[in-house]
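Chain residues, written in single-letter form:
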Amino acid sequence: MNEKSKLSSSKKSLVNLSLPFAIVLIFGGCCNNVISFESLIHSEYTQIKNITTFITFIQILYIIIENIPFYTKNHKKFKIPLKRHLISTILFLLGTWLNNSVFKFKGITVPYHIIMKSLNILINMALGSIILKKKYTSKQIITCVFLTLGCIIACIYQNQDFQLSDVYNLKATLFSLLPRQRANQVSIASKIDYEFISGISILLLSSVLISLLQIYNNKTYEKYGKDTWKEVMIYQHILSLPFIFLLNTDTISSNCKFLIKNVGFKNSFLLKLFINCITQSLCVRGVNLLASNLTKDTFLLLNIVLNSRKLVSLILSCWVFDNHMSFTSYVGCIITFISCFIYTAL
């Protein structure tokens, strides 16, 4: 009994250490990853075709190479069936692909991307109630509603401040959803930018898939153990790589050839790409480590942490790259941020 108690206490201490370590990885890795990612998709690298997909491919390849020593040493000890990894990979692949493809749509900037992805907590709450049969208190629901409201305010009023006339003029409020460049050129009666709305819709679909992935992985950790998080992470990337390459063979090949031929160009690009891969690896490790230490009753805390991180990323993006945000938009971010902390205190 004495040895068992020592073993259980040691496991608890490891969990207690892994939680803050995971949060450090998430804030340190993910925030810096957003900055490096935005620096890569700027116009100076227009020679790189379909740059977001290319970056995703390189990120996945880097994480696989980085984890080859761990895989070769421990693959015989892996517990999870391949079928379960395939389902997890499909959700991961579709969610990631849709998440990165939205930048093809006009008007979808990194701040918009961060704000819309912040709706994940509300989506997770709904899916958690349906799939996990999780019951939430009225205080938790109200907090999440305010969190969502903050996201909507920040999104709608990114380029303009709230005015009292908006209360009496719903059309003007809806029109503010248009990208800034179009809003300055057309009248209120003009047609809505369907390309912009398509981008937002794809972002929401991506959020649903990522939420399903989180729930599915949570069930995996409960069944096969918390120490399987690295196995899940490795297989998600190994199984995803062939699909991404087959779907984008021409783009990836032409980009690699271009970088080989243009030595002067590739120096600055590859440096930023390498930094982006390192920060992505830290971010992914942090998210998976945190997820593995949560139960079905606390798994929503993963989105609380990620939403807080997204707020920091949003502000950093606006400061570093001079992306415009109105005072009202900042108020929306503050509402979101406060709601995240209130939920954790409930």
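Residues numbered from 1 in each chain as written. Predicted model: local features only at pLDDT ≥ 70, side-chain atom pairs only at ≥ 80, totals over all residues. Heavy atoms only, no water.

Undergrad: Teacher, can you tell me more about the packing of aromatic side chains here?
TA: Note on aromatic pairs: each is described by the distance of the centres and the angle between the planes. Following the criterion strictly, the structure yields six aromatic pairs and no others. Look at Phe78 and Tyr235: their rings are 5.8 Å apart centre to centre, the planes differ by 70°, and that puts the pair in the edge-to-face class. With a gap of 157 residues between them, Phe78 in the loop between helix H3 (68-74) and helix H4 (82-101) and Tyr235 in helix H12 (residues 229-247) connect regions that are remote in the sequence. Just as Phe78 is buried, Tyr235 falls in that class too. The rings of Phe70, Tyr71, Phe78 and Tyr235 are connected pair by pair, giving a single aromatic cluster. The lysine or arginine in question, Arg84, covers the ring of Tyr216, its NZ or CZ lying 4.6 Å from the ring centre. Lying over the aromatic face of Phe70, Lys230 brings its terminal NZ or CZ to 4.5 Å of the ring centre. (Phe/Tyr/Trp six-rings, centres within 6.5 Å; stacked < 30°, edge-to-face > 60°. Helix = DSSP H or I, 4+ residues; strand = E, 2+ residues; numbered from the N terminus. Buried < 20%, exposed > 50% of the residue type's maximum accessible area, 1.4 Å probe, protein only. Lys NZ or Arg CZ within 6 Å of the ring centre and 35° of its normal.)

Undergrad: Honestly, helix H6 (residues 120-131) in this entry has me stumped. Any pointers?
TA: Structurally, the α-helix is built with 3.6 residues per turn, so residues lying three or four positions apart point the same way. Under the 1.5 Å per step criterion, the end-to-end length of H6 is 16 Å for twelve residues, consistent within 8% with the ideal 16 Å. Listing the buried residues of H6 in full gives Asn120, Ile121, Ile123, Asn124, Met125, Leu127 and Gly128. Residue Lys133 follows H6 closely and has a positive phi angle near 60°. (Expected span 1.5 Å × (residues − 1).)

Undergrad: I keep staring at the confidence of the model for the protein and nothing clicks. Help me out?
TA: Detailed conclusions should not be drawn from predicted coordinates in areas where pLDDT is low. Averaged over every residue, the pLDDT of the protein is 78; the share at 70 or more is 80%. Within the protein, the element-level pLDDT minimum falls on helix H10 (residues 180-183), averaging 46, and the maximum on helix H2 (residues 51-66), averaging 91. Across residues 185-190 the pLDDT falls below 50, and counting only partners more than four positions away or on other chains, this stretch makes five contacts in the model. (pLDDT = per-residue confidence, 0-100. Contact = heavy atoms within 4.5 Å.)

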